[in-house]
Amino acid sequence: MKSKKLAIGLVSLASAFALSACNDDNEEKSTDQTPKTEQSTDTDTTKEETNHMDHAKDTSNEAEVPDGLKAAENPKYEVGSKATIKSDHMEGMDGAEATIVGAYDTTAYSVTYTPTTEDKKVENHKWVIHEEIEDAGEVPLEPGTEVTLDTDHMEGMEGAKGIIEEADTTTVYMVDYKPTDGGIEVKNHQWVTESELSSK
């Protein structure tokens, strides 16, 4: 009888150890899954940051100014002042409040060009300034002049061949603005001409 009880006790004890081992395995599996979940979250965040960076790159040049471009001596809109954009170069731009980041005297060109990344032409891109035209010389260029672009406002623009559609000797502005369609703030947008701004 004692042997039977002892056997039953040993079986119970073995079962307890087995259950304990199962629980430990489950805990280890649960612990192993936690970093994967965190890693997934980090990946999602990285994607969002990358998308934001891509967007920012398409709409600004990190305040880089072309060599030879001179600041305007007496601009209508001074650096740090506010103005309203009256242009629709990009979605959410028309009617947006702008902060003036830089003001420069130059000639601005509307250009039709074929991006180096594709065959489809971009019609009447506004604006490329005189200092962003390869070998432009000192004198403003006339409409109809064939040019090579020396700027990277948009993908495929650097080195692209184009033709000048319109020329406007004026003050151009680099601006920060918040799109009216709720998009992220655009920093250092190049360029807005003086006629495309109005006082608040």
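Residues numbered from 1 in each chain as written. Predicted model: local features only at pLDDT ≥ 70, side-chain atom pairs only at ≥ 80, totals over all residues. Heavy atoms only, no water.

Trainee: A description of the pattern of salt bridges should follow, citing residues and the corresponding values.
Mentor: Throughout the structure, instances matching the rule amount to 2 salt bridges. Between Asp 176 and Lys 187 there is a salt bridge, with the nearest N and O atoms lying 3.8 Å from each other. Of this pair, Asp 176 sits in strand S6 (residues 161-177) while Lys 187 is found in strand S7 (residues 186-193), placing the two residues 11 residues apart along the sequence. The exposure class of Asp 176 is buried, given its relative accessible area of 13%. For Glu 185, the salt bridge identified is with Lys 187, shortest N-O distance 3.8 Å. Since its relative accessible area comes to 41%, Glu 185 is described here as partly exposed. A network of salt bridges, in which partner residues are shared, links Asp 176, Glu 185 and Lys 187. (Salt bridge = Lys/Arg side-chain N within 4 Å of Asp/Glu carboxyl O. Helix = DSSP H or I, 4+ residues; strand = E, 2+ residues; numbered from the N terminus. Buried < 20%, exposed > 50% of the residue type's maximum accessible area, 1.4 Å probe, protein only.)

Trainee: Go over the pairing of S6 with me, naming the residues and quoting the values.
Mentor: In this sheet, S6 lies alongside strand S3 (residues 97-114) in antiparallel orientation, the contact comprising 16 bridges. In the sheet register, Tyr 113 faces S6, and the bridge partner there is Gly 162. In this structure, strand S5 (residues 146-148) lies alongside S6, joined through 3 bridges in antiparallel fashion. By the bridge assignment for S6, Val 147 is matched with Gly 162. (Pairing = 2+ DSSP bridges.)

Trainee: Break down the layout of surface pockets for me, citing the residues and quoting the values.
Mentor: Counted as a void, the second largest pocket has a volume near 230 Å³. Lining the second largest pocket we find Asp 67, Gly 68, Thr 106, Thr 107, His 130, Glu 131, Ile 133, Ala 136, Gly 137, Glu 138, Pro 140 and Thr 169. For the lining of the second largest pocket, the class distribution of residues is 3 nonpolar, 6 polar and 3 charged. (1 Å grid on protein atoms, 1.4 Å probe; cavity = no way out; pocket = protein on both sides within 12 Å on 5 of 7 lines; lining within 4 Å. Points joined across faces, edges and corners; volume = space filled by probe spheres on them. Nonpolar A, V, L, I, M, F, W, Y, C, P; charged D, E, K, R; others polar.)

Trainee: Describe the side chain of Ser 87, with residues and values.
Mentor: With respect to the element layout, Ser 87 can be found in the loop between strand S2 (82-85) and S3. What makes Ser 87 buried here is its relative accessible area of 8%. If we skip the residues at most four places from it in the chain, Ser 87 touches Met 93, Asp 94 and Glu 196. (Contact = heavy atoms within 4.5 Å.)

Trainee: Describe in detail the nonpolar core, supporting the description with residues and values.
Mentor: The biggest cluster of nonpolar side chains holds 16 residues, and the ones touching the most others in it are Tyr 77, Ile 85, Ile 100, Tyr 173, Val 175, Tyr 177 and Leu 197. Those elements giving two or more residues to this core turn out to be S2, S3, S6 and S7. When near neighbours in sequence (up to four residues on either side) are disregarded, Tyr 77 contacts Ala 83, Ile 100, Ala 103, Tyr 173, Glu 194, Leu 197, Ser 198 and Ser 199. Counting residues in each nonpolar core, the second largest holds 12 residues, with Val 128, Ile 133, Leu 149 and Ile 164 among its members. (Core = buried A, V, L, I, M, F, W, Y, C linked by side-chain atoms within 4.5 Å.)

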